[in-house]
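What follows is the residue order along each chain.
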Protein chains: 2
Amino acid sequence: MTKGAQTREMILARTAPLFNRMGYFGASLADIMRATGLEKGGIYNHFASKDDLALAAFDYSVGLVRQRFAEALAGKRHAAERLRAIIGVLRDMVVNPPVSGGCPLLNTAIEADDAHPALRARARATMDEWCEMVQRIVAKGVERGELRAGTDPAAVATMLLATLEGAIMISRLYDDARHLAYVEQHLDWYIDGLLAPSDVPATAD
Amino acid sequence: MTKGAQTREMILARTAPLFNRMGYFGASLADIMRATGLEKGGIYNHFASKDDLALAAFDYSVGLVRQRFAEALAGKRHAAERLRAIIGVLRDMVVNPPVSGGCPLLNTAIEADDAHPALRARARATMDEWCEMVQRIVAKGVERGELRAGTDPAAVATMLLATLEGAIMISRLYDDARHLAYVEQHLDWYIDGLLAPSDVPATAD
Ligand SMILES: [Mg+2]
Ligand SMILES: [Mg+2]
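Here the structure is a predicted model, which means the values were calculated and not measured.

What counts and what doesn't
- Residues numbered from 1 in each chain as written.
- Chains lettered and ligands numbered in written order.
- Predicted model: local features only at pLDDT ≥ 70, side-chain atom pairs only at ≥ 80, totals over all residues.
- Heavy atoms only, no water.
- Contact = heavy atoms within 4.5 Å.
- Buried area = accessible area lost by both parts, 1.4 Å probe.
- Salt bridge = Lys/Arg side-chain N within 4 Å of Asp/Glu carboxyl O.
- Polar contact = N/O pair within 3.5 Å; in protein donor to acceptor, adjacent residues only side chain to side chain.
- Helix = DSSP H or I, 4+ residues; strand = E, 2+ residues; numbered from the N terminus.
- Nonpolar A, V, L, I, M, F, W, Y, C, P; charged D, E, K, R; others polar.
- Core = buried A, V, L, I, M, F, W, Y, C linked by side-chain atoms within 4.5 Å.
- Buried < 20%, exposed > 50% of the residue type's maximum accessible area, 1.4 Å probe, protein only.
- Least-squares fit on C-alpha atoms with pLDDT ≥ 70 in both.

1. Some thoughts on the interface of chain B and chain A
On the side of chain A, 41 residues touch chain B, which itself brings 41 residues to the contact. Across the interface of chain B and chain A, roughly 3800 Å² is buried in total on both sides, 69% from carbon and sulfur atoms. Linking chain B with chain A are 6 salt bridges. One salt bridge in this structure joins aspartate 114 of chain B and arginine 172 of chain A, with 3.0 Å as the shortest N-O distance. Viewed at the interface, chain A and chain B are joined by 13 residue pairs in polar contact (both at pLDDT 80 or more). Among the secondary structure elements, those contributing two or more residues to the side of chain B that touches chain A are helix H1 (3-22), helix H6 (104-112), helix H7 (117-143), helix H8 (153-174) and helix H9 (178-194) of chain B. Counting residues per element, the side of chain B that touches chain A draws most heavily on H8 of chain B, at 15 residues. Residues that form the side of chain B that touches chain A fall into these classes: 22 nonpolar, 8 polar and 11 charged.

As structure tokens, this is what we get:
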């Protein structure tokens, strides 16, 4: 990596948590200078504008979450197991987040939906990606006879992502992971309900 | 109402949607002046600071939601009917919100959790109020034999609020109410599952 590329990477690694905690509008240039230890010129050498930096920092944060999904899914084959792996990554957004400040998609969607079209476009593209990830798992699970025929992939994607993102909001607001634990338990049971009858584990008695 | 009180009310009515759409950090003094048609001095006659105005605007927005809850609950007695009334109010946050910009509690919780302690405290107090509203309905429903004995009021409150707030986020991000419709259908079925066996409506056949 060239020295320029290293500096660019350092700026992203340090501003991604700043934007995730303070928001695009809440993070000032002074905050960005403090977080990176660079002067204004040193930052604008690598990014054309605050917008340009914020978009790149969002991509950086989302890239870390994408890596978590990939690690969690590796080696898991059954659709239910894969859905539970995704749930686990989102549950960790409160106790062990890849970027400080909670879920970057949730934070950016809320801040940008009415206020920042370019960031909103990135948030939509990321939500597309996460929804499609869940939908592919469900569709494949139905195809393989792991999940009930007729299970609607889009409905499952919305249910999982909406429920978990809402619980991330509440758990972070109270600094209390209990809310995520409640919904995780519910989703566990929801996924059990998606299993094809032949795939439901037999009980011991 | 005195002229001063009228002006204060007008400022709140016009800045509540501004803060709800742009966020506390995103709404500038210039935006506030434009929204109210007042000069800086005219605003600071009524509010000590931007913080003071933002806190009052949050209370104003939350007051409008509180009114919606009261109207939706009026005349409804059965716990399931009351829970569905609450769901209806939150569903309307996308298609017919009391304040433009979506759910003020969701928006403020996300923006303030790491970035603004005073707004976070208001958001927590409001979440307390909404959770307690659901919990009281569930506890009373169990007491009256409408809901299953052993139903956990706190778990139901988290489930309802997390799922709906997450779906509000996704539906607003895409400007597509379908996501809320999915979770509303799921919650309908979830509430059916809470009904005490004797309270489940008999099927026709
Ligand atoms: Mg917003
Ligand atoms: Mg936040």
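Here the narrative resumes, following the displayed structure.
2. Points about the nonpolar core
Counting 95 residues, the largest nonpolar core has Leu90 and Trp130 of chain A together with Leu90, Met127 and Trp130 of chain B as the members making the most contacts within it. In terms of residues, this core owes the most to one element, helix H8 (residues 153-174) of chain A, which gives 13 residues. Residue contacts for tryptophan 130 of chain A: discarding those within four places in its chain leaves Val65, Phe69, Leu90, Met93, Cys103, Leu105, Leu161 and Glu165 of chain A. Ile11, Ile32, Leu55 and Ala56 of chain B belong to the second-largest nonpolar core, a separate cluster that totals 20 residues.

3. Remarks on the relation of the copies chain B and chain A
Rotating chain B by 180° and translating it 0.0 Å along the rotation axis places it on chain A, where the RMSD comes to 0.0 Å. What we have between these two chains is a two-fold relation. When you check the interface residues of chain B against chain A, 100% turn up at the interface there too, and the contact is symmetric in its surfaces.

It is worth stressing that arrangement in space is one thing and function is another; only the former is reported here.
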